[in-house]
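Now for the letters of each chain:
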Amino acid sequence: MWYQSMLVAMVLLLCPSPWEISGQGRMGMSVVDAVTQQDLYNLMDTLFTGYKPEVRPTTAGEATYVYVGIYLLSIQNLDEKSQVLETSIIMDADWVDDYLSWNSSAYGNVTYFLYPQKKVWLPDIVIENSVESQRQLGYDENVVLVDESGLVNWKPSQVIKTGCDIDVTYYPFDTQKCKIIVSTWMSTKDDIDIDPESGSSGLLLDRYSVSGTWELISNELENLPTERGLTRIQFTLKLKRLRTFYILNIILPVLFLSFTASMVFFLPADAGEKIGMGITVLLAYAVYLTIIADNMPQTSLQVSYLAVYLTILLGLTALGVVLAVVVLHIHHKSDDCKISKRTEKITRKLRTLLRINRISMETQGEPEHGQAQKRTPLTKAMDKSGQHKKSLSAITPLNDNVNFSPPPSYKDDKEEITWPKVAETVDRVMFFLTSLLIAMVTIIFLPILALGGS
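Going along each chain's sequence as written, the residues are numbered from 1 onward. Only residues with pLDDT of at least 70 get local features here, since the model is predicted, and only at 80 or more are side-chain atom pairs given and counted; chain-wide, interface and lining totals rely on the full set of residues. The basis for every side-chain value is the complete set of heavy atoms in the structure, and neither hydrogens nor water enter the calculation.

Short version of the rule: UniProt positions are given in the numbering used here, feature names are shortened, and annotations may be inferred rather than shown by experiment.
An unreviewed UniProt entry lists the protein chain under the name Neuronal acetylcholine receptor subunit alpha-3, with Elysia marginata given as the organism. Listed under Subcellular location (unreviewed entry) in UniProt, the entry text for the protein chain is "Synaptic cell membrane". Taken from UniProt, the Sequence similarities (unreviewed entry) comment for the protein chain reads in full: "Belongs to the ligand-gated ion channel (TC 1.A.9) family."

In structure tokens, the structure reads:
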């Protein structure tokens, strides 16, 4: 039966395996049987015998051209206070290694293989504007793909932190421009020349996940001038802040507070809550100003319009507290302190202009002491008698010798001005003036924020 076993073995050697039919195998080989594995071992021995990853792989001595593209995976965070952009990226770099090319037909048609990155030459590419300590991209266990022409493809993934100049002028309706600069660490242009991938115009967004805080409006690619002999390329991201969160948590509460800032002057002095209400609104503005200051970089190069707006409202509210103290002082002045003619005249005109003159036709016929007389049957009869005499006097000529005097109920219609009324008038004037100022400041600053940041 030994010849049957020999026949089966010969059939297995001559017939193609399923891996040969599919054209692919493990480790990028077209066949994966014992013979192909041996060819791969032979290829590795041939390529890496005497190979030194520290030596730049060129036989002619010309510069090694490295073509770089960056896949943007996500925007992790943009810290305005520390001015740092944190992104997750995959760098796609290609170059030709003259020492790693072979004839695939001589090694079982192996066209490519994967190999640990620490065992092949890698360009000293770094993120130039990184705020972290510079280190080699990728990690030792990461692999590179090498094909038969010597083309090496390297795709290290990493979370990088780069510096970003934050402009807080239109916060929170701002748009920021952040940069990612790729350059060599020590190799000059004569050794390594970095160029963008063919057809690339910016960051590659095929794998990008949308951020919940920032909207990526555009990204650009630019070749920077050579600096100290180093080649550099720059990726620029234009980010627009998503506004819904800030409108609901900052803008609308500030607007609501601005309506209450002037109400301290509408509160009657007798209520006893004017100072408490003013200080409460003042503290609320101070809290929001502190929150905004905590989210902004400590710089004097730009000034946030929102911070200026809140500071103005804070100043108006502080002025309101001071004036509320003055109003209470006027309201509780003693009656022994006489009101000057000028103060009385101005107060009377303002009360007439603001329509807070409380005199009415019902009070014009009251006695001098301002107390209504009790209506009794006797007084009612006297009133009727007086009315009858008045009607007779209208048709009967009066004797010139009779002294006629007006009824005792007649008096001037001018309102008596007291210190509480002076305080009330000052309150009403300050209410309208403060409301007007707050409305003007709001109308000026909010459109600047909304339109300037777009």
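### What to know about the pairing of strand E6 (residues 151-154)
Quick note on the threshold: Strands qualify as paired when DSSP identifies two bridges or more between them. Helical segments are the DSSP runs of H or I of at least four residues, strand segments are the runs of E of at least two, and each set is numbered from the N terminus.
Here strand E2 (residues 84-96) runs beside E6; their pairing, made up of 4 bridges, is antiparallel. Residue pairing in the sheet places tryptophan 95 in a bridge with valine 152 of E6. Pairing of strand E5 (residues 143-147) with E6, which is carried by 3 bridges, proceeds in the antiparallel orientation. Looking at E6, one finds that valine 146 is bridged to valine 152. Connecting E5 to the antiparallel partner E6 that follows it, the hairpin turn spans 3 residues, and glycine 150 within it adopts a positive phi of roughly 90 degrees.

### Focus on helix H6 (residues 305-331)
So the rule is basically this: Each helix should span, by expectation, one fewer than its residue count multiplied by 1.5 Å. Polar contacts, as used here, are pairs of N or O atoms within 3.5 Å; protein pairs need one atom able to donate a hydrogen and one able to accept it. Residues neighboring in sequence count only if both atoms are side-chain atoms.
The first and last C-alpha atoms of H6 sit 38 Å apart over 27 residues, in line with the 39 Å expected at 1.5 Å per residue. At the N-terminal boundary of H6, the capping side chain belongs to serine 304, with an oxygen 3.3 Å from the backbone nitrogen of leucine 306.

### A short note on a nonpolar patch on the surface
Under the convention used in this document: Like-charged residues within 9 Å of one another, or nonpolar side chains (Val, Leu, Ile, Met, Phe, Trp, Tyr) within 5 Å, are grouped into patches, provided each residue has over 30% relative accessible area and no salt bridge. All accessibility values rest on the Shrake-Rupley procedure with a 1.4 Å probe; residue burial counts only the protein chains present in the view. By convention in these notes, a salt bridge is any Lys or Arg side-chain nitrogen within 4 Å of a carboxyl oxygen on Asp or Glu. Each residue's exposure class comes from its accessible area (1.4 Å probe, protein chains only) as a fraction of the maximum for that residue type: buried when under 20%, exposed when over 50%, partly exposed otherwise.
A contiguous nonpolar patch, built from Leu433, Leu436, Leu437, Met440, Ile444 and Ile448 and spanning about 500 Å² of accessible area, is present on the exposed surface. Overall, isoleucine 444 belongs to the partly exposed group, its relative accessible area being 47%.

### Focus: the packing of helix H5 (residues 274-294) against H6
Axis angle and axis distance: for two packed helices, these are the angle between their axes and the distance between the axes, and together they describe the pair. We apply this condition: A fitted line through C-alpha atoms represents every axis, and for helices the fit uses only the stretch in contact; the resulting angles, taken between N-to-C directions, go from 0 to 180 degrees. These descriptions rest on fixed angle ranges, namely under 35 degrees for roughly parallel, over 145 for roughly antiparallel, 65 to 115 for roughly perpendicular, and the rest for oblique. Here a crossing is taken to be left-handed if its near helix is turned anticlockwise relative to the far helix by less than a right angle, and right-handed if that turn runs clockwise. Just so you know the grouping, Ala, Val, Leu, Ile, Met, Phe, Trp, Tyr, Cys and Pro go in nonpolar, Asp, Glu, Lys and Arg go in charged, and all remaining residues, Gly too, go in polar.
With their axes 9 Å apart at the nearest point, H5 and H6 run at an angle of 165 degrees to one another. As judged from the angle between their axes, H5 and H6 are roughly antiparallel. Relative to H6, the crossing made by H5 is left-handed. In terms of residue class, the contact of H5 with H6 is made up of 20 nonpolar, 3 polar and 1 charged.

### Focus: the packing of aromatic side chains
The line we're drawing: Here the aromatic set is Phe, Tyr and Trp, taking the six-membered ring for Trp, and pairing holds for ring centres within 6.5 Å; pairs whose planes are under 30 degrees apart are stacked, those over 60 apart are edge-to-face, and all others are tilted.
Evaluated as defined, the whole model comprises 15 aromatic pairs. Taking the centre distance of 5.4 Å and the plane angle of 35 degrees together, the rings of tryptophan 102 and phenylalanine 113 count as tilted. Of this pair, tryptophan 102 sits in the loop between E2 and strand E3 (112-116) while phenylalanine 113 sits in strand E3, placing them 11 residues apart in sequence. The same class applies to tryptophan 102 and to phenylalanine 113, which are both buried.

### Quick word on the state of the cysteines
Stated precisely, the cut-off is as follows: Whenever a pair of cysteine sulfur atoms sits within 2.5 Å, that pair is classed as a disulfide.
Under the defined criterion, the tally for this structure stands at 1 disulfide. In this model cysteine 164 forms its disulfide with cysteine 178; the gap between the sulfur atoms is 1.9 Å. The disulfide joining cysteine 164 to cysteine 178 has a torsion of about -75 degrees about its S-S bond and is therefore left-handed. With cysteine 164 in the loop between strand E7 (157-163) and strand E8 (175-184) and cysteine 178 in strand E8, the pair connects residues that are 14 residues apart, well separated along the chain. Summarising the burial analysis for this pair, cysteine 164 and cysteine 178 share the class buried.

### Some details on the pattern of salt bridges
Counted under the stated rule, the structure contains 9 salt bridges. Two residues, glutamate 227 and arginine 232, come together in a salt bridge whose shortest N-O distance is 3.2 Å. Note on glutamate 227: relative accessible area 34%, which makes it partly exposed. Relative accessible area serves as the criterion here: at 11%, arginine 232 is assigned to the buried category. Its salt-bridge partner being aspartate 427, residue lysine 274 comes within 2.9 Å of it at the nearest N-O pair. Here lysine 274, found in helix H5, pairs with aspartate 427, found in helix H10 (residues 419-452); they are 153 residues apart in sequence, far enough to count as distant. Per residue, the accessibility class of lysine 274 equals that of aspartate 427, and both read buried. One network of salt bridges, with partners in common, ties together Glu128, Glu227, Arg228 and Arg232.

### Quick notes on the sheet that holds strand E4 (residues 125-127)
The 4 strands are arranged E4-E8-E11-E10 in an open sheet whose pairing can be described as antiparallel. Each edge of the open sheet is held by one strand with a lone partner, namely E4 and strand E10 (214-227). Here the average twist between neighbouring strands, direction ignored, is 20 degrees. Bridge analysis of E8 against strand E11 (residues 230-241) gives 9 bridges, and the strand direction is antiparallel. The residue bridging glutamine 176 from the neighbouring strand is leucine 239, located in E11.

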